[in-house]
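# Examining the three-dimensional arrangement
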Amino acid sequence: MDSPPPQKFPLPVDSEHKATEFRLFSAAKPHMRAFHLSWVSFFACFVSTFAAPPLIPIIRDDLNLTATDIGNAGIASVSGAVFARVAMGSACDLFGPRLASASLILLTAPAVFCMSLASSPASFLVLRFLIGFSLATFVSTQFWMSSMFSPNVVGTANGMAGGWGNLGGGATQLIMPFVFAIIRDLGAIKFTAWRIAFFIPALFQTLSAFAVILFGQDMPDGNFKELEKEGDKPEDEFSKVLYHGVTNYRGWILALTYGYCFGVELTTDNIIAEYFYDRFDLNLHTAGMVAASFGLANLFSRPMGGVISDVVGKRFGMRGRLWTLWAVQTIGGVLCVILGRVGSLGASIAVMIGFSIFCQAACGLTFGVVPFVSRRSLGLISGMTGGGGNVGAVLTQLIFFKGSRYSKETGITLMGVMIICCSLPIALIYFPQWGGMFCSPSAGNGRTEEDYYLSEWSVKEQESGFHQASAKFADNSRRERGRRLVASADTSPDAESHPPVRV
Amino acid sequence: MAARGTVLASLVLACLAQACCGNVLFSSLQRTLIVSASPHPGQVLKAGEDKITVTWSYNQSFAAGTDAAYKTVKVKLCYAPVSQVDRAWRKTVDNLAKDKTCQHAIAAEPYSLSGNRSLEWVVQKDVPEATYFVRAYALDAAGIQVGFGQTTDRNKTANLFVVQAITGRHASLDIAAVCFSAFSVVSLFGFFLAEKRKAKPCSTPN
């Protein structure tokens, strides 16, 4: 085993220098600082992407939009990120999360500034589509957290960063009307005030990107470019990263299931205000506040999912993480079915809040599993899963919430049924070294954490020592066997240092 | 005793609320007012600039005394059916409390029993681009609609005019948007250059 690293970090770290503790109220460099930079910049992107919905009553009059135009723009706002998230995953693997996320944020900020130039339904749709690309910063957030935090707290770190970023979708429903009102009271007419209002999220987004570049760092030991120069980190090849990500079936399953927790969350963000407005005759202001509360639950529900994943992982290992993910997501689906059936306002709000908690916790739980699917192609797997979330949002809105084929309540019930069905594939995820929901880990030789993670590197690459980070990760992830099995593993010969060459 | 009083009070309030705000059906109103407006059919008016002159009077063909309860006349700008298509927020509903056809107020004046009244109104800047007609409601002392008149026919297809809205855009806003956008992109490349320059000499990690 390596000798313990020289302790130059404010937080306790493992052999990869990833923090083994998560201290929320610290901004210590580099771990907690990375956390705060990533969630704030992701929050800014969410605020920008969903800045239009609360102002729609004014925008639709200014730009002469129909309900179809508004619906299409809503779908466009989440569809751009489908491929952007996958691309961002690869960019993180190759260039590091700091530059990848800051680049995307600064390149999408112009679209937010240019919202003030929108003059037709077409330009509105195109701008919402372009702004939606910024949601790919989710992937860089998760990648960054997975690079900075050790397996025992990675679920918590991912859940908090993701949850507090998603909070932007709820906060914007309160921020934008407030900013609009101030600008209008300062003397601007309505049709100009909303345009000026968009400068606020745009500036916030730009400044957060500056902060990421100036104060952030890719990995505990430094930035990608410096580490590559010094030989501490080999520069990887895109084709290899792509191959190992795309051929890992677990990434595809998680992409599907994430579409039915996060995708459903995005869909609900787009339709829930209208649902309460139409079905219960709430005024737009009140319906907006109800809609905001759905997104604001992210403050605690998604982080809670991540924390639960880590707590369950400590006791029951990866099998516990998978079972909990399936159970929480399925309960979310059941609550969604009930939401569509319930007829009174009070009960609807209560069920909606329950649904939001389980749905968002499932998102947190998903990213308690994702960091373990691949080490070499971590970014790509995160990107595929994240992209799958947006695909779920697009599909669900197209099937159940476009046109008048289904009433909104029927659409919500059917969405719940689809959640339950699309959570079942979690049972198919199997890690040879840890097991799956129904199968225990394979016994015998050739089925260790090292085998799994080092299989992503060829013999030649291993001879050149490219696989060192994966080997360290394999060692650190041994606790995913669960408490009982980790104790027995310590005495087995598998707990030896990683052999340099595998046949 | 107090509880009974509360129940009674809330019942009375509910009845009043019903009476003043709800459950007046448009189909139950008689077209007792004759309303005309200055725009010709199909004319395009510019929001913020052009004026509409609205004239209304009591339709004498109705029995005398029908207008005895009329206290106020509210004149409104209303959406024509073509501007309501695929826009549920402008929907016509018979129950006037829920009806969203007429969303822009032109004037509210006391009702005068004799002669006709006329006023001039500048089309407000927040009126959206759409096809419109003008309707006037006669309200009684309690604020409940008891009669109406409009410039168009029953099917709302005749005598409609168009308002061309302002865009809300300004040259200064456009310039600011373009400048800030350019700044974002340029600063990104600026950072890349700075990184490259920093990486040239052999450096220790930050």
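Being a predicted model, the structure only gives us computed values, none of them experimental.

## Comments concerning the UniProt feature "transmembrane region" (unreviewed entry) in chain B
The positions that UniProt labels "transmembrane region" (unreviewed entry) are, in the present scheme, residues 175–194 of chain B. A distance of 28 Å separates the end C-alpha atoms of residues 175–194 of chain B, which is 100% helix and 0% strand.

## So, the packing of helix α6 (residues 137–148) of chain A against helix α7 (residues 151–185) of chain A
Residues and elements named next belong to chain A. Interhelical geometry of α6 versus α7 gives an angle of 150° and a closest axis separation of 9 Å. With respect to each other, α6 and α7 are oriented roughly antiparallel. Taken as a pair, α6 and α7 cross one another with a handedness that is right-handed. In this structure, α6 uses Thr141, Gln142, Met145 and Ser146 to contact α7, whose residues at the interface are Val154, Ala157, Asn158, Ala161 and Gly162. Class assignment of the residues belonging to the contact of α6 with α7 gives a composition of four nonpolar, five polar and no charged.

## Some details on the interface of chain B and chain A
Contact residues are listed per partner, giving 38 residues for chain B and 44 residues for chain A. Both sides together, the interface formed by chain B and chain A hides about 3,500 Å², and carbon and sulfur atoms give 62% of it. Viewed at the interface, chain A and chain B are joined by three salt bridges. Between A:Arg98 and B:Glu195 there is a salt bridge whose closest N-O contact spans 2.5 Å. Where chain B packs against chain A, one counts 10 residue pairs in polar contact (both at pLDDT 80 or more). A per-element tally of the side of chain B that touches chain A places helix α2 (residues 171–199) of chain B first, with 15 residues.

## Some thoughts on helix α3 (residues 67–95) of chain A
Residues and elements named next belong to chain A. For α3, with 29 residues, the first-to-last C-alpha span of 41 Å sits near the 42 Å given by 1.5 Å per residue. At alanine 84, α3 is bent by approximately 30°, the largest bend along its length. Where α3 ends, the next residue or the one after it, glycine 96, has phi of about 95°, a positive value.

## Regarding a positive patch on the surface
A cluster of basic residues, A:Lys314, A:Arg315, A:Arg479 and A:Arg483, forms a positive patch on the protein surface. Position of A:Lys314 among the secondary structure elements: in helix α15 (residues 301–341).

## Notes on the sheet that holds strand β1 (residues 33–37) of chain B
Note: strands within a sheet are paired through backbone hydrogen bonds, in either parallel or antiparallel orientation. Residue and element names in this part refer to chain B. If you walk across this open sheet you meet the three strands as β1-β3-β6, and the pairing is antiparallel. At either margin of the open sheet sits one strand with a lone partner, and together these are β1 and β6 (116–122). On average, each strand axis in the sheet is inclined to that of its neighbour by 20°, with strand direction left out of account. Bridge count for β1 against strand β3 (residues 51–58) is five bridges, and the pairing is antiparallel.

## Brief notes about the confidence of the model for chain A
Overall, the predicted model of chain A reaches an average pLDDT of 86, with 92% of residues at or above 70. Predicted confidence is poor over residues 491–503 of chain A, with pLDDT under 50, and the contacts of this stretch with residues over four places away or in other chains come to 17 contacts.

## So, a nonpolar patch on the surface
Together, A:Leu125, A:Val126, A:Phe129 and A:Leu130 give the surface a local cluster of nonpolar side chains, amounting to about 290 Å² of exposed area. Within the secondary structure, A:Leu130 sits in helix α5 (residues 121–132).

## Describing the environment of B:Arg90
Inspection of the secondary structure assignment puts B:Arg90 in the loop between β4 (72–79) and β5 (102–110). Between the C-alpha atom of B:Arg90 and that of B:Gln60, which follows or precedes it by 30 residues, the distance is 32 Å. Of the polar contacts made by the side chain of B:Arg90, one reaches the side chain of A:Asp61; its length is 3.1 Å.

## Side note on helix α9 (residues 199–215) of chain A
Between its first and last C-alpha atoms α9(A) spans 24 Å; for 17 residues at 1.5 Å apiece the expected length is 24 Å, and the two agree. By the burial criterion, the buried members of α9(A) are A:Phe199, A:Pro201, A:Ala202, A:Gln205, A:Thr206, A:Ser208, A:Ala209, A:Phe210, A:Val212 and A:Ile213. Against the buried residues of α9(A) lie α1 (31–49), α4 (97–113), α6, α7 and α8 (190–197) of chain A together with α2 of chain B.

Rules of the game
Residues numbered from 1 in each chain as written. Chains lettered and ligands numbered in written order. Predicted model: local features only at pLDDT ≥ 70, side-chain atom pairs only at ≥ 80, totals over all residues. Heavy atoms only, no water. UniProt positions renumbered as here; feature names shortened; annotations may be inferred. Helix = DSSP H or I, 4+ residues; strand = E, 2+ residues; numbered from the N terminus. Axes fitted to C-alpha atoms, helices over the stretch in contact; angles between N-to-C directions. Parallel < 35°, antiparallel > 145°, perpendicular 65-115°, else oblique. Left-handed = near helix turned anticlockwise from the far one by under 90°. Contact = heavy atoms within 4.5 Å. Nonpolar A, V, L, I, M, F, W, Y, C, P; charged D, E, K, R; others polar. Buried area = accessible area lost by both parts, 1.4 Å probe. Salt bridge = Lys/Arg side-chain N within 4 Å of Asp/Glu carboxyl O. Polar contact = N/O pair within 3.5 Å; in protein donor to acceptor, adjacent residues only side chain to side chain. Expected span 1.5 Å × (residues − 1). Bend = angle between axes of the 7 residues up to and from the residue. Patch = residues over 30% accessible without salt bridge, like charges linked within 9 Å, V, L, I, M, F, W, Y side chains within 5 Å. Areas by Shrake-Rupley, 256 points an atom, 1.4 Å probe, with all protein chains shown as cover. Lys, Arg positive; Asp, Glu negative; His and termini not counted. Charge placed at Lys NZ, Arg CZ, Asp CG, Glu CD. Pairing = 2+ DSSP bridges. pLDDT = per-residue confidence, 0-100. Buried < 20%, exposed > 50% of the residue type's maximum accessible area, 1.4 Å probe, protein only.

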